[in-house]
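Examination of the molecular architecture
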Amino acid sequence: MDILRIEELSHFFGGVTAVNRVNLLFVENELRSIIGPNGAGKTTLFNVITGRFPASSGRVIFRGRDITGRSSHEIVRFGICRTFQKSSIFSGLTVFENVRIARQAWHGGSHRIFSRRDSLKAVHQETQAILERLGLTEKARLLASNLSHGDQRLLEIGIALAGHPKLLLLDEPTAGMSPRETEATTQLIRQLARKVAVVLVEHDMDVVMSISDKISVMHQGAIIAEGTPDEIQRNELVREAYLGKEE
Amino acid sequence: MSENNDSEGERDMEASKRQSRTVLVFLLLVGFLIALPFFMDNRFYLRLATEILIYGLLAMSLDVLLGYTGLLSFMHCAYMGIGAYTVALYLKFVDPASSWWFLMILGVGATFLVALPIGWLQVRTGGFAFALLTVAFGMMYYTIVWKARGVTGGDDGLIGLPSPDITLGNWVLGSLKDPISIYFFTLGVVLVCYLLTKRIMHSPFGAVLESIRENEERASFIGVHVHRYKLMGWMLACTLGGVSGVLFTFLKCSVSPTVMESSAGGALLMMTLLGGVGTLWGPFIGAAVYIFVQDYVSTMTEHWMIFLGLVLIFLVLFTPKGIAGFRDSLLAGEKK
């Protein structure tokens, strides 16, 4: 069953067409990667899907509902959670609180003004479960700003997971990670993709080729190819536009 | 796994120990404040202590905005002014014999009603734009109060207002004219406000405000309706400011536009920063230091602001978290 359908979606920055009449279809339990050279419009596409930027034209349909033009917080509540290219976390809060507040925002109870935070028992327990899954339990009481870069990237995935996504958009999750962290994160993403649909923007071709079910290639705002990792590696157009240049 | 549980248990014990120590310090402080009138028979200083409590409450309400929601207001004093003027105008023109609780509801209600549309507009912005809007609206209120001479008395303000009795049901407990009564009355109201606010900031709702302070964009991308919660934080801060305004008129039996001046807004910000943002209790210390220095040094020189400026520069350079930051550094040192 399809989970997200993007129809003829465009976004103009002044005179520049950052996203150009993109059509995409994501299905459930699929791990899709979007690749393309810098400036191809991958992050802008994420921003338009999640309501950070308005769509200039076209539609975004999530599980049969037209979500074009909805605000970010509504789109999150529909079930699309994301991470950012540059880590976006709550630096001054503890690791635990980072995930807990995200879980609370999904779970409800934010209007309670006189009860204690840990009175939301389910939120507390689920936060612990998420931290355990990320391997951050030991660091739960640290301030997020004191985490290593790699752990901050990981924490942001945790924040996104706490929003109980049906579709998870990850923007270069392994950027700046050590090889070992990259390996662990790749494993994590692979596991996640069994439960939720994942869309990955990634520059690390080893990661992309090893875990993607399907790859879409973006170039100058448009989708120029789509297929399995094998098909993409054999595609002449892609080699020319993107892979070829690196060889 | 069991090792992990052990260390967690230890940490919890440490946390509860620290918590009980905090409660002890709080109770000692409250005990001191209750005992204060019995060993300080100088009425002037008792009124000064009352003023410190009132400005402490106002500075604490600014802390809700600045330290918890991450919004900067240069003119938070305006919302004290609205509460103060509402009560003063009612006492002067409508009913000089109204009861204290009616005036309290009236002053706080009026502040709420003014703050709501202004807040609705302001929360659509953030950062500098928000701060500038607080200045713009603050100057507007000030000009209205200053120019509407026929109603507000212009820069003379409203003076010689009657003070209501402190009643509880049919009992008359005292008159707000009496310095000891107004001191205890103010202490009671301020304590209730402090405890309620503390409770609210530690609630799930307070957690949402903190997330907005830390990263507004991230907050909206976990599904928080950021405008709505910023507005709620704003309304809480302004309502508490309104309470302090009502207390102000009760204490002074007068009110003048100086409470709403831009320099009053700056002084208030200084009290909050001096005490330490994000602590709620810090601003009370800040207000105490500020008002005490103002009173003490101004008897020696009219340039007392210079002295206060030096204190502030010292604090900003060496303890960016204000006086409350000292305690944290002390605790951290203890741990090492």
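Residues numbered from 1 in each chain as written. Chains lettered and ligands numbered in written order. Predicted model: local features only at pLDDT ≥ 70, side-chain atom pairs only at ≥ 80, totals over all residues.

1. Let's talk about the overall build of chain B
Just so we agree on the cut-off: Helix and strand assignments come from DSSP, with helices taken as H or I runs of at least 4 residues and strands as E runs of at least 2, each series counted from the N terminus. For a compact globule the rule gives 2.2 Å times the number of residues to the power 0.38, and the radius of gyration it is set against comes from C-alpha atoms. Around each residue's C-beta, the other C-beta atoms within 10 Å are counted; 20 or more make the residue buried, 12 or fewer make it exposed, and counts in between make it partly exposed. All C-beta atoms are placed from the backbone. Contact definition: two residues whose C-beta atoms, as placed from backbone geometry, lie within 7 Å.
In terms of helices and strands, chain B carries 14 helices and two strands. Over its C-alpha atoms chain B spans a radius of gyration of 21 Å, differing by no more than 12% from the 20 Å that the globule rule assigns to 336 residues. Along the longest, intermediate and shortest principal axes, the C-alpha atoms of chain B span 75 × 50 × 50 Å. The burial tally for chain B puts 44% of its 336 residues in the buried class. Taking as baseline every contact in chain B between residues at least 6 positions apart, the subset at least 24 positions apart corresponds to 76%.

2. Here we look at the overall build of chain A
Scanning chain A for helices and strands turns up nine helices and 10 strands. Relative to a compact globule of 247 residues, whose C-alpha radius of gyration would be 18 Å, chain A shows 18 Å and is just as compact. Dimensions of chain A along its principal axes, counting C-alpha atoms only, are 60 × 40 × 35 Å. Looking at chain A alone, contacts between residues at least 24 apart form 65% of all its contacts between residues at least 6 apart.

3. Looking at the sheet that holds strand β5 (residues 65-66) of chain A
Residue and element names in this part refer to chain A. Stated precisely, the cut-off is as follows: A pair of strands is labelled paired if DSSP reports no fewer than 2 bridges between them.
Spatial strand order, β2-β1-β4-β5: four strands in an open sheet with antiparallel pairing. Only two strands of the sheet have a single neighbouring strand rather than two, namely β2 (16-27) and β5. Where strand β1 (residues 2-13) lies against β2, eight bridges are found, and the strand directions are antiparallel. Its bridge partner lying in β2, leucine 9 is registered against valine 22.

4. Let's talk about helix α2 (residues 43-68) of chain B
All names here are of chain B. In plain terms, the rule: In a helix, the anticipated span is given by 1.5 Å times the number of residues less one. In this analysis the local bend is the angle between axes fitted, respectively, to the seven residues ending at and the seven residues starting at the residue.
The end-to-end C-alpha distance of α2 is 36 Å, a good match for the 38 Å that 26 residues give at a rise of 1.5 Å each. By the largest-angle criterion, leucine 62 marks the main kink of α2, which is about 30°. Burial within α2 is extensive, with 19 of its 26 residues counted as buried.

5. Digging into the sheet that holds strand β10 (residues 222-227) of chain A
Residue and element names in this part refer to chain A. For clarity, the threshold we go by: To get an axis, fit a line to the C-alpha atoms, keeping to the stretch in contact for a helix; angles then go from 0 to 180 degrees between the N-to-C directions.
Spatial ordering of the open sheet is given by β6-β7-β8-β3-β9-β10, a layout of six strands whose pairing is mixed. Edge positions in the sheet fall to β6 (80-82) and β10, since each of these pairs with one other strand and no more. Here the average twist between neighbouring strands, direction ignored, is 20°. Both strand β7 (residues 167-171) and strand β8 (residues 197-201) contribute to a ladder of five bridges, which runs parallel.

6. Side note on the domain arrangement of chain B
Residues and elements named next belong to chain B. Convention followed: Either an automatic procedure or a domain database provided the assignment from which the domain bounds are taken. When residue character is reported, Ala, Val, Leu, Ile, Met, Phe, Trp, Tyr, Cys and Pro are called nonpolar, Asp, Glu, Lys and Arg charged, and the others, Gly included, polar.
The domain architecture assigned to chain B consists of domain 1 (1-39) and domain 2 (43-262). Using C-alpha coordinates to define each centre, domain 1 is positioned 30 Å away from domain 2. Contacts between domain 1 and domain 2 engage four residues on the former and six residues on the latter. Its residues assigned to classes, the side of domain 1 that touches domain 2 comprises four nonpolar, no polar and no charged.

7. Details of the pairing of β8 of chain A
For a regular strand, the rule is simple: side chains alternate between the two faces of the sheet. Residue and element names in this part refer to chain A. Filter applied, for reference: Assignment of crossover handedness uses the view with strands pointing away from the viewer, where a clockwise path from the first strand over the helix to the second indicates a right-handed crossover.
Of all five residues in β8, five are buried; the element is thus mostly enclosed. Of the two faces of β8, the one lined by Ala197, Val199 and Val201 and the one lined by Val198 and Leu200 are each fully buried. With four bridges connecting them, strand β3 (residues 31-35) and β8 associate as parallel partners. Its bridge partner being in β8, leucine 31 is matched across the sheet by valine 198. In this fold, the crossover linking β7 to β8 by way of helix α6 (residues 179-192) has right-handed handedness.

8. Re the interface of chain A and chain B
Tallying the contact residues gives 28 residues for chain A and 21 residues for chain B. Broken down by secondary-structure element, the contributors of at least two residues to the side of chain A that touches chain B are α2 (72-78) and α3 (95-107) of chain A. If one sorts the elements of the side of chain A that touches chain B by residue count, α3 of chain A sits on top with five residues.

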